[in-house]
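Structure assessment
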Amino acid sequence: MDKGKCTGCGECRQYCIVARAGCASITAVLCDGSDAGAWNCTNCWKCVEACPEDVDIFTFMMKKRRKLEPPAHYRQSYENIRHTGYSMPIEDLNTIREIWGLGEIRKVDPVKIRKLLSGTGRRRS
Amino acid sequence: MERRLLYPGCLVLACLQDYELSARSVLGKIGVELEDMHEFACCASSIAPSFTNEWINLAAYNLALAEEKGMDIVTLCGSCTKTLKDAARILDEDAGQLGRVNRRLTEIGLSYSGRVKVSHIIEVMDERLDEVVAASIVEVGIRVALQHPCNVYRPEELMHFDDPWHPQKMRQVVQAAGIPVVDYDQEDECCGSALLMSEEEPALNLARKKLSSAIKAGAEGMVVSCGNCAMLLKNFQHKICKSAPGLSLPVIFLPQIVGLAMGIPAAEIGMKV
Ligand code: SF4
Ligand code: SF4
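Quick caveat, the model's predicted, so the values are computed rather than measured. (Residues numbered from 1 in each chain as written. Chains lettered and ligands numbered in written order. Predicted model: local features only at pLDDT ≥ 70, side-chain atom pairs only at ≥ 80, totals over all residues. Heavy atoms only, no water.)

Topic: the packing of helix α7 (residues 93-100) of chain A against helix α2 (residues 17-29) of chain B
Viewed as axis vectors pointing N to C, α7 of chain A and α2 of chain B meet at an angle of 50°, and their least axial separation amounts to 11 Å. Compared by their axis directions, α7 of chain A and α2 of chain B come out oblique. The way α7 of chain A lies across α2 of chain B gives a crossing that is right-handed. Across the interface between the two elements, Ile 96, Arg 97 and Trp 100 of chain A from α7 of chain A touch Gln 17, Asp 18, Glu 20, Leu 21 and Arg 24 of chain B from α2 of chain B. Of the residues assigned to the contact of α7 of chain A with α2 of chain B, the class counts are three nonpolar, one polar and four charged. (Axes fitted to C-alpha atoms, helices over the stretch in contact; angles between N-to-C directions. Helix = DSSP H or I, 4+ residues; strand = E, 2+ residues; numbered from the N terminus. Parallel < 35°, antiparallel > 145°, perpendicular 65-115°, else oblique. Left-handed = near helix turned anticlockwise from the far one by under 90°. Contact = heavy atoms within 4.5 Å. Nonpolar A, V, L, I, M, F, W, Y, C, P; charged D, E, K, R; others polar.)

Some words on the site of ligand 2
Taken together, Cys 16, Ile 17, Val 18, Ile 26, Cys 41, Thr 42, Asn 43, Cys 44, Trp 45 and Cys 47 of chain A form the complete shell of residues around ligand 2. Residue composition of the shell around ligand 2, by class: eight nonpolar, two polar and no charged. (Near = heavy atom within 4 Å.)

Some remarks on the interface of chain B and chain A
The interface is formed by 55 residues belonging to chain B together with 57 residues belonging to chain A. Between chain B and chain A the total buried area reaches about 5400 Å² when both faces are included, carbon and sulfur atoms providing 65% of it. Remark: the boundary between chain B and chain A carries six salt bridges. Across the salt bridge formed by Glu 189 of chain B and Arg 20 of chain A, the nearest N and O atoms sit 2.8 Å from each other. Between the two partners, chain B and chain A, sit 22 residue pairs in polar contact (both at pLDDT 80 or more). Of all the elements in the fold, those that place two or more residues in the side of chain B that touches chain A are α1 (9-15), α2, α3 (55-69), α4 (78-93), α5 (95-107) and α10 (200-216) of chain B. Looking at the side of chain B that touches chain A residue by residue, the class counts come to 29 nonpolar, 11 polar and 15 charged. (Buried area = accessible area lost by both parts, 1.4 Å probe. Salt bridge = Lys/Arg side-chain N within 4 Å of Asp/Glu carboxyl O. Polar contact = N/O pair within 3.5 Å; in protein donor to acceptor, adjacent residues only side chain to side chain.)

Considering the domain arrangement of chain A
Looking at chain A, the domain boundaries give domain 1 (11-67) and domain 2 (72-118). Computed over C-alpha atoms only, the centres of domain 1 of chain A and domain 2 of chain A are separated by 30 Å. (Domains from an automatic or database assignment.)

Focus: the site of ligand 1
Around ligand 1 there are 14 residues in total, and Cys 6, Cys 9, Gly 10, Cys 12 and Cys 51 of chain A lie nearest to it. Along the lines of polarity and charge, the residues of the shell around ligand 1 split into nine nonpolar, three polar and two charged.

Some remarks on the confidence of the model for chain A
Predicted coordinates in areas of low pLDDT are best not read in detail. Taken over all residues, the pLDDT of chain A has a mean of 91, while the share at 70 or more is 94%. A low-confidence stretch, residues 120-125 of chain A (pLDDT under 50), is modelled with 19 contacts involving residues beyond four sequence positions or located in other chains. (pLDDT = per-residue confidence, 0-100.)

What to know about the pairing of strand β1 (residues 2-7) of chain B
Residues and elements named next belong to chain B. Both β1 and strand β2 (residues 32-36) contribute to a ladder of five bridges, which runs parallel. By the bridge assignment, Leu 5 is partnered in β2 with Glu 35. Looking at chain direction, β1 and strand β3 (residues 73-75) are connected through three bridges and run parallel. The partner of Leu 5 across the bridge, within β3, is Ile 73. (Pairing = 2+ DSSP bridges.)

Here we look at the sheet that holds β2 of chain B
Residues and elements named next belong to chain B. An order of β2-β1-β3-β4 is seen for the four strands of this open sheet, with the pairing classed as parallel. Two strands bound the open sheet, and with one partner strand each, they are β2 and β4 (118-120). Within this sheet the neighbouring strands show an average axis-to-axis angle of 40°, counted without direction. In the packing of α2 onto the sheet, contacts are made with β1, β2, β3 and β4, and the angle to β2 comes to roughly 140°.

Considerations on the pattern of salt bridges
For the structure on display, the rule yields 28 salt bridges over all chains. Measuring nitrogen to oxygen at the nearest pair gives 2.7 Å for the salt bridge that ties Glu 20 of chain B to Arg 97 of chain A. Note that Glu 20 of chain B is positioned in helix α2 and Arg 97 of chain A in helix α7, a pairing that runs across two chains. Exposure class is identical for Glu 20 of chain B and Arg 97 of chain A. Each is buried. Residue Glu 35 of chain B pairs with Lys 69 of chain B through a salt bridge whose shortest N-O separation is 3.4 Å. Residue Glu 35 of chain B is located in strand β2, and its partner Lys 69 of chain B is located in helix α3; the two are separated by 34 residues in the primary sequence. Judged by relative accessible area, which is 17%, Glu 35 of chain B ranks as buried. On the basis of relative accessible area, Lys 69 of chain B is assigned to the partly exposed category, the value being 46%. (Buried < 20%, exposed > 50% of the residue type's maximum accessible area, 1.4 Å probe, protein only.)

Here is the structure:
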């Protein structure tokens, strides 16, 4: 996989909250080639902010993830999106909204979502 | 009164009704009426891009819905804000991608041409600081720490809002409402919430560090303006406190605390009295 202009300088890793918490993160892949941690990210984007080479770390991480086994919560959330259009379960949506005094919301038709995400869900690119 | 579409996102829609309710009440007080965005879908967040390139169709679908109505979008979470702005920029800069997305949108009777502005609630309130000052008539009387939502101002070259290392905009809004803000060591750190998706205990530890730093600085509440931050710091607080009982701290949404300063009744901002 193409790391683009990455020089392995280690700047991103210095700022990465996941690395500083002692977990593997995408910065390990970028800095020393170790393959663990592509799914461990808080989406804080300090790595992107700090990178002197403007590496597109987001795209790199997403492509890396598609080649690795997803953690259960990610897999479940994506399945929810594909089947309902929402990452979280929202069956009782309008009953709950009524209790809070919020107006009724029309949900998206799942057929539309199937047209937008027609792939199998594990596309490689 | 200006009208905009409220894009609540999945998390707020599913379980943070108090955030939506208070956002509607408070923005109403400063001249922005939020309309329901029927049939919106997940923005894609970092979930869909982890599996497929087609994530952009999902984000574009939401932008196209707004464009059909001729209205701009207000978001409540950092990740929705960043994802929708990212997609809008890609579609603006890459005609090939715009064409591919539109072929897909046509199948469901929509199209997108690039005329939708996406703003997070902090941006909307920041644009109307004078109105916030004028509407704030009650002394709230608690000192708060701030949890800045990373994705609203980072990456800077995409978001163009606030200082990417030491964000100030949320502080300006809270102070405009007359609420005292305390500085704390961990203020510029991410909450760590998204790490819950893969590694729960390290995520809880990040939250422990943050809450303990805020409490040490004298904070009596933590103000958040993102559903993800709320999920970890508030909804998981019982787990955070299990091994660290001293870390209990009320977590309040930005429009709730500002709503209190505006004298809005507790029921209209989703707070128990
Ligand atoms: S991604 Fe950027 S900051 Fe990280 S190692 Fe590569 S060049 Fe350095
Ligand atoms: S965005 Fe993810 S990889 Fe980058 S610094 Fe933050 S936690 Fe680390």
